[in-house]
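Single-letter residue listing:
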Amino acid sequence: MSRGELILVRHGQSHSNAAGRATGEADAALTPLGQRQAESTAAVLAARSVCALYTSDLRRAVESARPIERVTGLTAVRTAALRERSLGQLSELPFPELVARYPADWAAIESANLDARPPGGESLRDCSLRLRPFLAEVLARHAGERIVLVSHRMLLDHLLRLLLGLEETAPRCTFDTDNGGVHRVLHWEGCVRVLELNGTAHLR
């Protein structure tokens, strides 16, 4: 029985993260701290045999994937499928302003409501439309292999719930990821085993 491993990585701290803004699909760059976090994450992956590397095409994820490219010798495949969930009009607002101006939209985001769509943004079901075919293709293409996906906090939460069959559960189950944090999941023949959630020891 051939078991593959998915290593899910959140990008390092971005300038929007540091400023306390809801980034969404905005194309923020890494801060110096974020660059160090990306280097630390790559150093952990250097000891593992990684067969493929995929990243969101947003700048903060691409910049976080570069150190992984260096240590693995792989070229990251950039894909919009791994982009952060679009927040539309909420994107780049400071969190206190966002909560004050859009309390219902923020409550829906916090509760991982599948169908709520912020003004001009995406619902989680919208995210599924781009995530599900991508995930199915990647798992089929790399059966039995270890691969790395570099993405974003809300998108990784949704991806984990898809992998674990929790998308439709109530009350909502959500997974947080720190900047530079790592999740590791084994998968085989429709089964999954969680090895690590939000691993951050390498960042200390």
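This text follows the structure it describes.
Residues numbered from 1 in each chain as written. Predicted model: local features only at pLDDT ≥ 70, side-chain atom pairs only at ≥ 80, totals over all residues. Heavy atoms only, no water.

**Student:** Describe the environment of leucine 197, and please don't skip the residues or the numbers.
**Tutor:** Its place among the elements puts leucine 197 in strand β6 (residues 191–199). A relative accessible area of 41% places leucine 197 in the partly exposed class. As for leucine 197 and threonine 177, which are separated by 20 residues in sequence, their C-alpha atoms are 8.1 Å apart. (Helix = DSSP H or I, 4+ residues; strand = E, 2+ residues; numbered from the N terminus. Buried < 20%, exposed > 50% of the residue type's maximum accessible area, 1.4 Å probe, protein only.)

**Student:** Can you tell me about the sheet that holds strand β4 (residues 146–151), naming the residues and giving the values?
**Tutor:** Spatial strand order, β3-β2-β4-β1-β5-β6: six strands in an open sheet with mixed pairing. Strand pairing shows two members of the sheet lacking a second neighbour, β3 (77–79) and β6, which therefore form its edges. Direction aside, neighbouring strands of the sheet carry axes that sit 20 degrees apart on average. By the bridge criterion, six bridges tie strand β5 (residues 182–188) to β6 in an arrangement that is antiparallel. Each residue of the ladder has a partner; that of arginine 184, found in β6, is glutamate 196. Relative to the sheet, helix α3 (residues 59–72) contacts β2 (52–56), β3 and β4, its axis offset from that of β2 by approximately 165 degrees. Along the sheet, helix α7 (residues 153–163) contacts β1 (4–10), β4, β5 and β6; its crossing angle with β1, the most-contacted strand, is approximately 155 degrees. (Pairing = 2+ DSSP bridges. Axes fitted to C-alpha atoms, helices over the stretch in contact; angles between N-to-C directions. Contact = heavy atoms within 4.5 Å.)

**Student:** I'd like to hear about α3, residue by residue, with values.
**Tutor:** Taking 1.5 Å of rise per residue, the 14 residues of α3 would be expected to cover 20 Å, and the 20 Å separating its terminal C-alpha atoms lies within 8% of that figure. Turning to α3, its buried residues are Arg60, Ala61, Val62, Glu63, Ser64, Ala65, Pro67 and Ile68. Contacts from the buried residues of α3 go to α2 (32–45), β2, β3 and β4. Following α3 by one or two positions, glycine 73 has its phi on the positive side, about 75 degrees. (Expected span 1.5 Å × (residues − 1).)

**Student:** Explain the packing of helix α6 (residues 124–141) against α7 to me, and be specific about the residues and the numbers.
**Tutor:** Where α6 contacts α7, the two axes come as close as 10 Å, and the packing angle between them is 60 degrees. Considering the angle they form, α6 stands oblique to α7. Regarding α6 and α7, the two cross each other, and that crossing is right-handed. Each of Leu124, Cys127, Ser128, Arg130, Leu131, Arg132, Leu135 and Leu139 in α6 lies in contact with α7, whose residues at this interface are Leu155, His158, Leu159, Arg161, Leu162 and Leu163. Its residues assigned to classes, the contact of α6 with α7 shows nine nonpolar, two polar and three charged. (Parallel < 35°, antiparallel > 145°, perpendicular 65-115°, else oblique. Left-handed = near helix turned anticlockwise from the far one by under 90°. Nonpolar A, V, L, I, M, F, W, Y, C, P; charged D, E, K, R; others polar.)

**Student:** Which residues make up the packing of α2 against α3, and what values go with them?
**Tutor:** Look at α2 against α3: their axes get within 8 Å of each other, and the N-to-C directions meet at 30 degrees. Between α2 and α3, the interaxial angle falls into the category roughly parallel. For the crossing formed where α2 meets α3, the hand is right-handed. Between α2, through Ala38, Glu39, Ala42 and Leu45, and α3, the contact on the second element is made entirely by Ser64, Pro67, Ile68, Arg70 and Val71. Classifying every residue of the contact of α2 with α3 gives six nonpolar, one polar and two charged.

**Student:** Explain the pairing of β4 to me, using residue names and the numbers behind them.
**Tutor:** Most of β4 is tucked away, with five of its six residues classed as buried. When β1 meets β4, the two strands line up parallel, connected through six bridges. Within β4, the residue paired with leucine 8 across the bridge is leucine 149. In this sheet, β4 lies alongside β2 in parallel orientation, the contact comprising four bridges. Looking at the pairing, threonine 55 lines up with valine 150 of β4.

**Student:** Help me get a handle on the side chain of threonine 79, residues and values and all.
**Tutor:** Take threonine 79: it is sitting in strand β3. Using a relative accessible area of 15% as the deciding quantity, one classes threonine 79 as buried. Every residue in contact with threonine 79, bar those within four places of it in the chain, is listed here: Thr55, Ser56, Asp57 and Phe134.

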